[in-house]
Amino acid sequence: MSPIRRRLGFLAAHLVVALVALVVIGGATRVMEAGLACPDWPLCFGTLLPGRQMNLQVFLEWFHRLDAFVVGVALLVMAVVAFLRRRLLPGWLPSLAMVLVLLVALQGGLGALTVLDLLPSGIVTAHLAMALTLVALLSGLTQRLLHPGGEAAPVWWTPLAGLALLAVVAQSLLGALMATSWAAQRCLAAGDGCRWLILHRNAAVPAAGLVLLFVFSALLAGGWSRRQWPYLIPVAILVTCQVGLGVGTLRLGLSQPLVTVAHQLVAALLVAVLASLLVRRPDVPFSPMPVVLDESSLEPCHG
């Protein structure tokens, strides 16, 4: 592995963490009703760093934008380096890096629309969908850069992992639609708009079932699949925690912001880990090549 590939892999890993933090801070911004704490965009109260207006809500919205800006700059740097050093890197990396830059630019546009259009539900949900897409792509990119592998995974590995990943993303977007339309609050308070809450709750069972099916299939299959248990067991734990957090959120009547934010954090972590497992491949077993000398081809040398 070339040093430039390793460094880009570490950069991608750090960006996955930054994106998960971005999703969590965005969730905290919504829970704390701070989505319009900075009334303008891209500045906040007409300045880069609001001073007199700074409070918890303004800080959440301002830091959310700062994190997004840092991620965008880092992705642009990655794209430039991947293009300039493309001979030392996989052929797919420059194109994927450019796609990531375009996606983060689109994400910035959606972020602007959430403020300028006063937090419409559809745009806020699309904003989250784009964030989760970036998390999945960068997590898979990190895996392929740092652990390229050389053999094909079992035939069932990619379809099951892909279904589990799609189920988690779909469930997260259902939760976003429910949250951005305040359906849960209206349902618990006045019995209005309960369809989104019921749909999100009922979809949790098949989504969790698909993830656990992938985990148990890998553990029962043995061989290389079972050796991935350090990654599979955390997935099962995260799913269990996610179900418990979802139940706890409703039991508490959405009155505890930390529980709601933790619910979104676990969802983002599930997306990152499942995306990494989706592209994971077995390594080529190392077998030293013996040196074989053909005596018929050797000639005596006198000197």
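Look up a bit, the structure's there.
A few points on the structure. Owing to the predicted nature of the structure, the values given are computational and were not obtained by experimental measurement.

On a plain count of helices and strands, the protein comes out with ten helices and zero strands. Listing every helix and strand of the protein by position from the N terminus yields α-α-α-α-α-α-α-α-α-α. Once the C-alpha set of the protein is aligned to its principal axes, its extents read approximately 100 × 50 × 25 Å. By the burial criterion, 43% of the 303 residues in the protein qualify as buried. Within the protein, contacts between residues at least 6 apart in sequence are counted, and of these 76% link residues at least 24 apart.

The subject of this paragraph is a nonpolar patch on the surface. On the surface, F59, F63, L66, F69, V70, V73 and V77 cluster together into a nonpolar patch covering about 590 Å² of accessible area. On the secondary structure map, L66 appears in helix α2 (residues 56-84). The partly exposed category is assigned to L66, whose relative accessible area is 34%.

The end-to-end C-alpha separation of helix α3 (residues 93-116) is 35 Å, in line with the 34 Å expected for 24 residues at 1.5 Å each. Just downstream of α3 lies L118, where phi reads positive at about 60 degrees.

This next bit is on the nonpolar core. L75, L138, L141, W157, F214 and L274 are the most contacted members of the largest nonpolar core, which has 67 residues in total. Contributing elements (two or more residues each) for this core: α1 (3-31), α2, α3, α4 (121-146), α5 (157-180), α7 (194-221), α9 (229-251) and α10 (257-278). Looking at which element gives the most residues to this core, the answer is α1, with twelve residues.

Rules and cut-offs
- Residues numbered from 1 in each chain as written.
- Predicted model: local features only at pLDDT ≥ 70, side-chain atom pairs only at ≥ 80, totals over all residues.
- Heavy atoms only, no water.
- Helix = DSSP H or I, 4+ residues; strand = E, 2+ residues; numbered from the N terminus.
- Buried < 20%, exposed > 50% of the residue type's maximum accessible area, 1.4 Å probe, protein only.
- Contact = heavy atoms within 4.5 Å.
- Patch = residues over 30% accessible without salt bridge, like charges linked within 9 Å, V, L, I, M, F, W, Y side chains within 5 Å.
- Areas by Shrake-Rupley, 256 points an atom, 1.4 Å probe, with all protein chains shown as cover.
- Salt bridge = Lys/Arg side-chain N within 4 Å of Asp/Glu carboxyl O.
- Expected span 1.5 Å × (residues − 1).
- Core = buried A, V, L, I, M, F, W, Y, C linked by side-chain atoms within 4.5 Å.

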